[in-house]
Every structure is written in C-alpha cells, then in structure tokens.
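Observations on the three-dimensional arrangement
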Amino acid sequence: MRLDPVFSRSGKGWILALLATLMALAMDHMGLVSSYVMFVLMVGLCNVVLAVSLNLITGITGQFSLGHAGFMAVGAYFSAFLSKMVFGISDAGASPFVPLLFVACLFAGAALAAGIAFLLGSIILRLTGDYLCIATLGFNQIVVVTLNNLEIVGGPRGFYGIPKLSSLLILLILTWFSVVVIYRYAASVRGRNCEAILEDELAAESLGVDSFQVKLHSFVTGSFFAALAGGMLIHLVQLAHPTQFTFIKSIEILLMVVVGGMGNIAGSVIAAVILTVLPEALRFSQDLRLVLYPLILIIIISRNPVHYFKTKFSLRTAKGEK
Amino acid sequence: MQLVNGLQLGAIYALMALGYTMVYGILKLINFAHGDLLMIGAYSAYFLVIAGLHISIAFLAAMVICGASAILMDKLAYKPLRSQPRLKALITAMGVSLLIENGSRMIPFIGPNFRRFPDVVTLKSFYITENIVLTNIQLFNLGLAVFLMIALSLVIKKTKIGIAMRAVSLDQKAARLMGINVENVIAATFAIGGALAGTAGVMTAITYPRLSPYMGIMPGLKAFVAAVFGGIGSIPGAMVGGILMGIVETAATAFHSQIAEGVFFLVLLLVLLVRPFGLLGKSTKEKV
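The shown structure was predicted, so the numbers you read here are calculated from the model rather than taken from an experiment. (Residues numbered from 1 in each chain as written. Chains lettered and ligands numbered in written order. Predicted model: local features only at pLDDT ≥ 70, side-chain atom pairs only at ≥ 80, totals over all residues.)

Quick word on the overall build of chain A
Tallying secondary structure elements over chain A gives 13 helices and two strands in all. Across the 322 residues in chain A, those meeting the buried criterion constitute 50%. For chain A, the share of sequence-separated contacts (at least 6 apart) that also reach a separation of at least 24 residues comes to 80%. (Helix = DSSP H or I, 4+ residues; strand = E, 2+ residues; numbered from the N terminus. Buried ≥ 20, exposed ≤ 12 C-beta atoms within 10 Å, placed from the backbone. Contact = placed C-beta atoms within 7 Å.)

Some thoughts on the overall build of chain B
When helices and strands are tallied, chain B shows eleven helices and four strands. For chain B, whose C-alpha radius of gyration is 19 Å, the value lies close to the compact-globule estimate of 19 Å for 288 residues. Dimensions of chain B along its principal axes, counting C-alpha atoms only, are 60 × 45 × 35 Å. Split into buried and exposed, the 288 residues of chain B put 50% on the buried side. Once local pairs closer than 6 in sequence are excluded, the contacts in chain B between residues at least 24 apart make up 75%. (Rg over C-alpha atoms; globule rule 2.2 N^0.38 Å.)

Focus on the interface of chain B and chain A
Between chain B and chain A, the residue contacts involve 34 residues of the former and 28 residues of the latter. Those elements that provide at least two residues to the side of chain B that touches chain A are helix H4 (86-106), helix H9 (217-230) and helix H11 (260-274) of chain B. In terms of residue class, the side of chain B that touches chain A is made up of 24 nonpolar, six polar and four charged. (Nonpolar A, V, L, I, M, F, W, Y, C, P; charged D, E, K, R; others polar.)

Focus on the packing of helix H10 (residues 247-260) of chain A against helix H11 (residues 265-281) of chain A
Residues and elements named next belong to chain A. Contact geometry of H10 with H11 gives a least axis separation of 8 Å together with a crossing angle of 125°. Taken as axis vectors, H10 and H11 run oblique relative to one another. Considering how the two elements wind past one another, H10 and H11 form a crossing that is right-handed. On H11, the residues touching Leu255, Met256, Val257, Val259 and Gly260 of H10 are Gly267, Ser268, Ile270, Ala271, Ala272 and Leu275. Its residues assigned to classes, the contact of H10 with H11 shows eight nonpolar, three polar and no charged. (Axes fitted to C-alpha atoms, helices over the stretch in contact; angles between N-to-C directions. Parallel < 35°, antiparallel > 145°, perpendicular 65-115°, else oblique. Left-handed = near helix turned anticlockwise from the far one by under 90°.)

Structural notes on helix H2 (residues 35-60) of chain A
Between its first and last C-alpha, H2(A) extends 36 Å over 26 residues, near the 38 Å set by a 1.5 Å rise per residue. Of all the bends in H2(A), the largest measures some 30° and sits at Leu54(A). (Expected span 1.5 Å × (residues − 1). Bend = angle between axes of the 7 residues up to and from the residue.)

Quick look at the confidence of the model for chain A
Residue and element names in this part refer to chain A. This prediction gives chain A a mean pLDDT of 82; 89% of its residues lie at or above 70. Of all the helices and strands in chain A, helix H13 (residues 305-313) carries the lowest mean pLDDT, 47, while helix H9 (residues 211-237) carries the highest, 93. With pLDDT under 50 throughout, residues 307-322 is counted as low confidence; its partners more than four residues away or in other chains account for 16 contacts. (pLDDT = per-residue confidence, 0-100.)

Some details on the environment of Val214(A)
Residue and element names in this part refer to chain A. With respect to the secondary-structure elements, Val214 resides in helix H9. Among the residues examined, Val214 registers 23 C-beta atoms within 10 Å and is labelled buried. Taking C-alpha positions, Val214 is 28 Å from Val103, a pair spaced 111 residues apart along the chain. Contacts of Val214, omitting those with residues within four sequence positions, involve Arg190, Asn193, Cys194, Ile197 and Val209.

Remarks on unusual backbone geometry
Positive phi is not limited to glycine here, since Gln238(A) has a value of about 65°. Within the secondary structure, Gln238(A) is located in the loop between H9 and strand S2 (239-240). Exposure remark for Gln238(A): the 16 C-beta atoms within 10 Å place this residue in the partly exposed category. Phi at Lys28(B) is positive, roughly 55°, even though this residue is not glycine. Take Lys28(B): it is sitting in the loop between helix H1 (2-27) and helix H2 (34-50).

Focus: the packing of helix H5 (residues 129-148) of chain A against H11(B)
Running from N to C, H5(A) and H11(B) point in directions that differ by 150°, and their axes come no closer than 9 Å. Classed by the angle they form, the pair H5(A) and H11(B) counts as roughly antiparallel. The handedness of the crossing between H5(A) and H11(B) comes out as left-handed. The residues of H11(B) that touch H5(A), namely those facing Tyr131(A), Ala135(A), Gly138(A), Gln141(A), Ile142(A), Val145(A) and Thr146(A), are Glu261(B), Gly262(B), Phe265(B), Leu266(B), Leu268(B), Leu269(B) and Leu272(B).

Here's the deal with helix H12 (residues 289-302) of chain A
Relative to the 20 Å expected for 14 residues at 1.5 Å per residue, H12(A) spans 20 Å between its end C-alpha atoms, a close match to the ideal helical length. Among all positions in H12(A), only Leu290(A), Val291(A), Pro294(A), Leu297(A), Ile298(A), Ile300(A) and Ile301(A) are buried.

Remarks on the environment of Ile71(B)
Residues and elements named next belong to chain B. As for its placement among the helices and strands, Ile71 is situated in helix H3 (residues 55-78). Separated by 175 residues in the primary sequence, Ile71 and Gly246 have C-alpha atoms spaced 28 Å apart. Discounting residues that sit within four places of it in the chain, Ile71 has contacts with Ala187, Phe190 and Ala191.

Focus: the confidence of the model for chain B
Residues and elements named next belong to chain B. Residues of chain B with pLDDT of at least 70 account for 94%, and the chain-wide mean is 83. Looking at the elements of chain B, mean pLDDT is at its lowest for strand S2 (residues 125-127), recorded as 70, and at its highest for helix H8 (residues 182-207), recorded as 91. In the model output, the complex is listed with pTM 0.82 alongside ipTM 0.77.

Okay, structure coming up:
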C-alpha cells in the first residue's frame with residue numbers, strides 16, 4: 001500500500017492536525033491573533049479542501065484536471081445565490097438555525113457541481129493525458145464566460161453583498177469532514193482501484209477494474225469537495241467575481257498538489273497552508289513579491305518536494321517510489 | 001471581411017501554436033511560458049522602433065531576442081528537470097511564465113502600464129467589393145506567416161537539424177544512439193519556436209498597438225488550444241488548428257462578443273469528442 005504514511009491509522013499526523021485545530025480555536029477564542037491572521041488562516045482552510053480534493057483526482061487517480069476552479073465557481077455562486085437571494089440570510093447570528101442553513105446551502109452547491117461533474121466526466125474522461133487537461137481547462141473557461149453573462153449573479157460586475165457566514169468553527173468542521181472523507185475514500189476499495197489506474201490503467205482493466213467508472217466516481221467526488229470549498233471561501237471574502245475562477249486558479253490548486261506530493265494527502269494539507277501564507281509573508285517586499293513568489297516556487301519544485309515530505313514526515317522512506 | 005480578420009488572427013495563433021507543438025513533440029512539455037515570448041518580442045520591437053530603427057530590422061531583432069530568451073528559458077528552468085516527472089516541468093513552466101510577466105512589470109522602463117506601439121506602417125485599405133476591406137497590415141501579416149510556415153516545413157523536411165528534430169521526437173534514446181546531440185536539437189527547437197513567437201509578437205503589436213506585460217497570456221493560451229485542436233505534436237496540425245481557431249473566434253465575436261471565448265472552448269471540446277487526438281493528430285495505440 002502506497003497510502004499516506006502521515007495520516008495512517010497510528011500516524012502522528014492526525015494528532016498534530018487535531019492539536020493545530022484546537023490551537024486555532026483557542027487563539028480565536030482568546031483573541032490572541034489579529035483578524036487579518038485569522039482571515040489568512042481561514043482562506044488556508046478553503047485551500048486545504050481544494051488541494052486535497054484535486055489530489056484525489058490528479059494525485060491518486062492520475063487524471064490531470066485543470067478545471068477545478070470551474071467546479072469551485074459553480075459551488076461558490078450557487079451556494080451564495082441560495083444563501084443571499086433565496087433564503088435572504090443577512091446575519092450569521094440572527095438565529096441558531098442560520099449556520100445549519102448555511103451548511104445546507106454549501107452542500108446544495110456542491111451537489112450541483114457534482115451533477116455537472118458527472119455529465120462532463122461521462123463525456124471527457126475518455127480522453128487521456130494532455131487532451132483531458134485541455135478539455136477540463138476549456139470547461140473552466142466556459143464556466144467563467146457563463147458567469148460573466150449571468151446577470152442575476154452580477155455578471156462582469158461581480159456578485160457582492162454575500163453574507164459572511166463562514167466562521168472559523170464551521171470552516172474547521174468542514175475541512176476536517178472533507179479531509180477525513182477523502183482520506184477514507186483513498187483507503188477504500190475504490191481508492192485502491194484509483195491507484196491501480198494511476199499505476200497502469202491497462203493492467204487494472206485486465207484485473208477487472210472498470211476504469212471508466214472508477215475515474216468518473218473520483219472525478220465527481222473531487223469536484224463535489226472543490227465546490228464545497230468554493231462556497232466556504234465565498235462566504236468568507238463576501239465577494240465573487242468570475243475572474244477569481246479562471247484556469248489560473250486551477251493551476252494554483254494544482255501547484256499545491258504538486259508541492260505537497262502527488263497522492264500525498266498530508267502533503268497537500270501542508271502545502272496548501274504554506275502556499276497560502278507564503279504570498280502574505282512576502283508582502284513586506286511589496287512589488288518584489290510578484291517576482292519572489294514564482295522564483296521560490298521554481299526552487300521548491302526543483303528541490304523535489306515529494307521526497308522531502310516523504311522522508312521528513314514519515315518513518316517509511318521513499319523506497320520503491322516510481 | 002470577417003474571414004480576412006479571422007485569417008490574420010489565425011495566422012498569429014498558428015505561429016504561436018507551432019512553437020507549442022514543436023516543444024511538445026520533442027520534450028512532451030507544455031511550455032506555458034511560450035505566450036510570454038510574444039510579449040518579449042513585442043516589447044523588443046517597441047524599443048527598437050522607438051530608437052529609430054526600421055520595422056524590418058525590429059522584426060529580425062525580435063526574432064533573435066525571442067529565440068535567445070527561449071534557449072535561456074530551457075537551459076535555466078527546464079534542463080534540470082529533464083529526468084523528472086512531466087508534471088513538475090509543467091508547473092515550472094507556469095512559474096517561469098509568472099516570473100517573466102511580473103519581472104517585466106517590475107522593470108521601470110517596461111512598467112505595469114499600457115504602452116502604445118508607434119504607427120510604423122501607414123494603414124492603407126483596399127476595397128475589393130463594398131463589404132470586403134483588406135488592410136496592408138493584414139496582407140503583410142498573412143504573407144509573412146505563410147512564408148514562415150513554408151520555410152519551417154522546408155527546414156523540418158530537408159535540413160539536417162530538421163531531420164534530427166523528427167528523429168528526437170520519434171524516439172529520444174534511439175536518436176541519441178544514432179549520434180544526434182539531443183541537447184542541441186532541443187535548443188534549436190526552442191530557438192525556432194521562440195523566433196516564431198517573437199514574429200507573432202511584433203505582428204500583434206502592429207495590428208493591436210497596445211502593449212502590456214500580460215499581453216501574452218490569452219494569445220498564448222488560445223494558441224495552445226489551437227495546437228491541441230490540430231493535434232499536438234503535429235506541425236501541419238498546428239497551422240490548420242491556429243487558422244481555424246482564429247476564424248472561429250472572429251466569427252463568434254462578430255456574432256456575440258461576450259460569449260466568443262466560450263464558443264472558442266466549446267468548439268475545442270466538441271472536436272476532442274469526435275477526434276480525441278485532435279484534427280491531424282495520430283492516435284497512439286496503448287501497448288502492454
């Protein structure tokens with residue numbers, strides 16, 4: 001089994017993550033950190049869900065998708081449409097049912113995205129490699145153009161006035177939910193099938209794995225969580241604009257997966273946090289950060305991060321790595 | 001009229017797509033930074049023209065500068081990753097692209113603002129019929145693009161380096177065994193691709209005289225799509241794909257400017273459904 005050494009059953013990864021979660025909650029409760037730091041942290045949580053869900057599609061199943069931001073946009077816009085326009089929620093503290101309703105909106109958005117992923121996936125998952133990558137990229141741009149022309153959600157002006165419903169607690173719970181579900185998915189029979197396809201699709205087929213079904217299932221699951229993260233993020237920043245969700249965003253997410261190591265869920269979590277904090281930490285250098293950021297990325301990539309994470313965070317070595 | 005506009009936009013895409021497809025054919029790498037070579041070409045021509053040189057010299061110089069930048073890009077960023085998984089090189093390409101864009105934004109004499117490309121050619125229009133107007137710029141762009149494509153095909157077919165390129169793209173190991181210096185071939189590929197992108201850059205600058213450090217992103221992306229459309233790795237495919245996509249985009253813009261980009265990608269999806277390896281791409285049978 002090639003599964004995550006960090007988040008294994010006896011792994012210290014879970015305990016560390018739990019400690020980090022409790023610490024974040026405590027700091028928030030006592031007001032130890034500025035709201036700016038808290039905001040960055042919460043954006044980081046959304047990115048964790050995005051990175052982990054793309055890791056399921058790209059890292060574990062080996063299907064190269066550049067359309068993740070498209071699904072994210074679907075979830076973001078639809079959940080915000082529900083919470084703002086259908087239910088007219090304006091304040092998080094209005095009633096104890098608001099958080100529940102909010103989570104329901106998020107899941108509705110995610111379900112819509114999963115439906116779209118099912119339709120899209122049934123068509124394009126027959127493509128392989130770079131052709132799949134470009135088809136998903138095309139889907140992403142189609143979503144952006146569609147949103148630009150949907151007047152009801154603001155079109156090119158952006159969708160603003162979205163209620164701020166994402167609290168640290170809700171985001172933490174949803175992030176935990178997503179990571180645990182995707183981790184369990186990867187550890188299940190389906191996850192093993194996914195890995196078999198990653199290693200060798202033909203061999204997997206010959207052993208009776210219905211590769212198309214397995215790919216479709218992981219694609220739909222990954223997109224579901226991408227949309228969930230989109231909804232979480234949009235109720236945090238309170239403004240949605242089609243240009244937030246172009247393929248550039250998809251590539252940013254892919255970057256987190258690659259930096260964290262393909263198929264390495266713990267790596268994705270860590271990389272998502274690092275890559276959210278990095279641009280903020282570079283803010284002191286003003287304009288120079290636009291140059292520093294890609295430079296650091298190139299250096300990280302060429303230093304072989306997979307190896308780094310594997311040896312740094314696990315007792316097992318990267319032996320037998322393909 | 002729209003057909004002519006489409007043809008000239010398509011010519012630019014085709015020149016860019018050739019660079020993508022050649023690099024892909026040899027390295028199996030999608031060079032995301034290719035679009036930025038277009039920007040470099042446009043800016044180098046801009047400075048040369050401002051310095052008082054003739055536009056034809058600016059054209060040649062832009063080709064040389066872009067070719068050199070492409071080789072440099074390969075040597076610094078991609079060469080250390082040759083033996084690594086392809087995805088890493090791809091992400092590095094994205095990083096290089098960001099670096100070039102933001103880097104040139106930082107340089108004070110390029111700067112973040114738009115710059116206007118000077119009118120080097122006085123615009124002349126020829127009326128063929130009442131509705132069809134050709135401008136001399138369009139004719140010039142089309143002519144140059146066709147000339148370069150023919151020249152490229154000849155280079156690939158007849159010259160020693162062209163034959164070496166095809167050999168490397170077929171089987172790198174075998175080519176190396178036959179005494180081909182693979183690194184030189186890769187450098188030559190980047191140089192030719194870069195020079196074509198530089199030409200496309202100057203052509204863009206003459207036609208749409210607005211320069212910015214980010215001007216290469218969209219043409220770069222669309223040219224890449226065009227290369228996939230034609231079947232990535234195939235040189236005639238890139239030419240056909242580029243020109244067809246140019247026509248599709250212009251037609252869709254004329255019909256409804258807001259949704260043009262959506263139509264562009266929709267056409268791509270449809271083509272990939274019917275022909276999963278692009279129009280002229282070869283389908284590869286999976287081997288066990």
